[in-house]
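Fold and geometry: a report
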Amino acid sequence: MRRRLVELGCPVAHVRRLVQEVADHREDLKQAALSEGLSGADAELSANTKLGDPLDLAEQLMVALRRSSWWGRHFLIGFCLLPLLAVPVLWVLLLFLGLALAFALGYGWDVQKLHVAAASPVPFHHLVIAAHIADFVAIALVTLLFCGLARRSAVSLKWMVTACAVCSLYALFTRFHLEPHSFMLGIAPSPQWLRAAVPLLIAGAVYAFHRRTIQGFHENVLG
Amino acid sequence: MKKTNPSFLNGVPELLVLRLLSRREMYGYQIVDEIRTQTRETLSFGEGCVYPYLHYLEAQKQVSSQRREVDGRNRNYYKLTTRGGKRLEELTSEWKRVTAGVALLMEGQHA
C-alpha cells in the first residue's frame, strides 16, 4: 500500500499518516477478533480480510486526496489554461516591479531624471536585458509553481507534465518586443527554442526528483 | 474502482461521519463500528474506506484530528469543527428533504 501510494504521487508525509492509520485500524480489527475468541493467526487473517486489498485502498485514498483540493477537481483549467495566463501576468508584474525598484533606487522617483534617462540608449539597453531576464524568470517560476501545485494536490505526474508542456508551448510561440515608450507581446515569427527549453528542463528535473524520492523512500522505508 | 452508491446516495458517508462526530470525537475504527452497529448493519463502510472520507473532510476543514495515546494505544482522534457543524446542518436538511420526497412517492401521495 505504501509503495502504491508513493507511486501514485501521494506526498510522503501523507503516506506515513495514511499507513499509520490503516495499521492502527488493522490492530483494532485484530483485537476485536481476539476478543471474539479467535486464535492469533485467525485474528490476523480476519483483520486482513476485513481491511481488503491494500492496492484498492491506496487508489481510494488517492481519489479522496485529489478531490479534496480545487486543483485536483479542476485539473483541466488548473494545469492547461491557468499556466497560459500566469506566465504573461507574472512577467508584467516582475518587469514593472523591477522598473519601479530601478526608478526608486536610480532616479529617486524623479520623473525629470527618468525622461532624460529614457532618451539615452544605455538605460534602454539595460531595460531590454531586464525584460529578458524577467521573461525567463517568469516562465521558470510559473513552471515550478504548477509543478508544486500538482505535487501538493497529488494529481498524477501526467498533469504536472501537461502544465510544463503548456508553459513550453507558450514560450515557443510567443515573444515580446520592446521599443522606447512601448512594448508588445504577441505571436513569435519563429519558434523561441531557448525559452521553450526552460519548462522542459524544469519538467525533467522535477521528474528526476520524483523518481529519486520514490527510490529513496523504497530504500529507506521498505528496505 | 468499484462504485457502490448511486448518485443520490453521494454525501451519505459524509453525513454519517459528521453526525457521529457531532456527538463525540472518535477514531477511524470507532466510526466504522458505530455506523455498522447503529444502522443495525444496514450500512457499513469498507474497513479502510473511512480514511479517504476523513482526510477529505479534514482538508475541507470540516473535521480536525489529533494523534494521542489512550489506554496505551496511539490513534488519530477526529472531531467536528464549526464549519463541519454547518455542513452537517446542510446535509441533514437535504437528507430530510430527499427522504420526505421518497416517502411521499412510496405512499402514493402526489399533488
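Described in the following lines is the structure provided in the data block. (Residues numbered from 1 in each chain as written. Chains lettered and ligands numbered in written order. Predicted model: local features only at pLDDT ≥ 70, side-chain atom pairs only at ≥ 80, totals over all residues. Heavy atoms only, no water.)

Residue and element names in this part refer to chain A. Its location among the elements puts R152 in helix α8 (residues 121-152). For R152, a relative accessible area of 72% gives the class exposed. Each C-alpha atom of the pair R152 and R66 lies 9.3 Å from the other, and the pair is 86 residues apart in sequence. (Helix = DSSP H or I, 4+ residues; strand = E, 2+ residues; numbered from the N terminus. Buried < 20%, exposed > 50% of the residue type's maximum accessible area, 1.4 Å probe, protein only.)

Bringing the nonpolar core into the picture now. With 41 residues, the main nonpolar core has A:L5, B:V17, B:L21, B:I31, B:V50 and B:L54 as its most contacted residues. Core analysis: the second largest hydrophobic core is formed by 21 residues, A:A140, A:W159, A:Y170 and A:A203 among them. (Core = buried A, V, L, I, M, F, W, Y, C linked by side-chain atoms within 4.5 Å.)

Residues and elements named next belong to chain A. Burial along strand β1 (residues 174-179) is one-sided: the face carrying T174, F176 and L178 is buried and the face carrying R175, H177 and E179 is not. Two elements, β1 and strand β2 (residues 182-187), share 6 bridges in a ladder whose sense is antiparallel. Its bridge partner being in β2, T174 is matched across the sheet by I187. Between the end of β1 and the start of β2, which pair antiparallel, lie 2 residues, with H181 showing a positive phi angle near 70°. (Pairing = 2+ DSSP bridges.)

Let us now look at the layout of surface pockets. Residue and element names in this part refer to chain A. In this structure, the second largest pocket encloses a volume near 830 Å³. Around the second largest pocket, the lining comprises 26 residues; the ones closest to its centre are L99, L114, A118, P123 and L127. Residue assignment for the lining of the second largest pocket shows that the elements contributing at least two residues are α6 (75-107), α7 (111-118), α8, β1 and β2. A per-element tally of the lining of the second largest pocket places α6 first, with 10 residues. Across the lining of the second largest pocket, the residue classes tally to 19 nonpolar, 6 polar and 1 charged. (1 Å grid on protein atoms, 1.4 Å probe; cavity = no way out; pocket = protein on both sides within 12 Å on 5 of 7 lines; lining within 4 Å. Points joined across faces, edges and corners; volume = space filled by probe spheres on them. Nonpolar A, V, L, I, M, F, W, Y, C, P; charged D, E, K, R; others polar.)

This part covers the packing of helix α2 (residues 12-35) of chain A against helix α3 (residues 50-59) of chain B. As a packed pair, α2(A) and α3(B) sit with axes 11 Å apart at the nearest point and diverge in direction by 135°. What the angle tells us is that α2(A) and α3(B) run oblique. The two elements α2(A) and α3(B) meet at a crossing, and its hand is right-handed. Two secondary-structure elements touch here, α2(A) through A:H14, A:R17, A:L18, A:E21, A:V22 and A:H25 and α3(B) through B:Y51, B:H55 and B:E58. Per-class residue counts for the contact of α2(A) with α3(B) are 3 nonpolar, 3 polar and 3 charged. (Axes fitted to C-alpha atoms, helices over the stretch in contact; angles between N-to-C directions. Parallel < 35°, antiparallel > 145°, perpendicular 65-115°, else oblique. Left-handed = near helix turned anticlockwise from the far one by under 90°. Contact = heavy atoms within 4.5 Å.)

Before going further, it helps to spend a moment on the interface of chain A and chain B. With 24 residues of chain A at the interface, the matching set in chain B holds 22 residues. A buried area of about 1900 Å², summed over both sides, lies between chain A and chain B, and 56% of it is on carbon and sulfur atoms. The three residues of chain A that bury the most area against chain B are A:E21, A:H25 and A:D28, which together make up 29% of that side's buried surface. Taken together, chain A and chain B are joined by 4 salt bridges. Two residues, A:D24 and B:R67, come together in a salt bridge whose shortest N-O distance is 3.0 Å. There are 11 residue pairs in polar contact (both at pLDDT 80 or more) connecting chain A and chain B. Ranked by residues supplied to the side of chain A that touches chain B, first place goes to α2(A) with 13 residues. Looking at the side of chain A that touches chain B residue by residue, the classes come out as 9 nonpolar, 6 polar and 9 charged. (Buried area = accessible area lost by both parts, 1.4 Å probe. Salt bridge = Lys/Arg side-chain N within 4 Å of Asp/Glu carboxyl O. Polar contact = N/O pair within 3.5 Å; in protein donor to acceptor, adjacent residues only side chain to side chain.)

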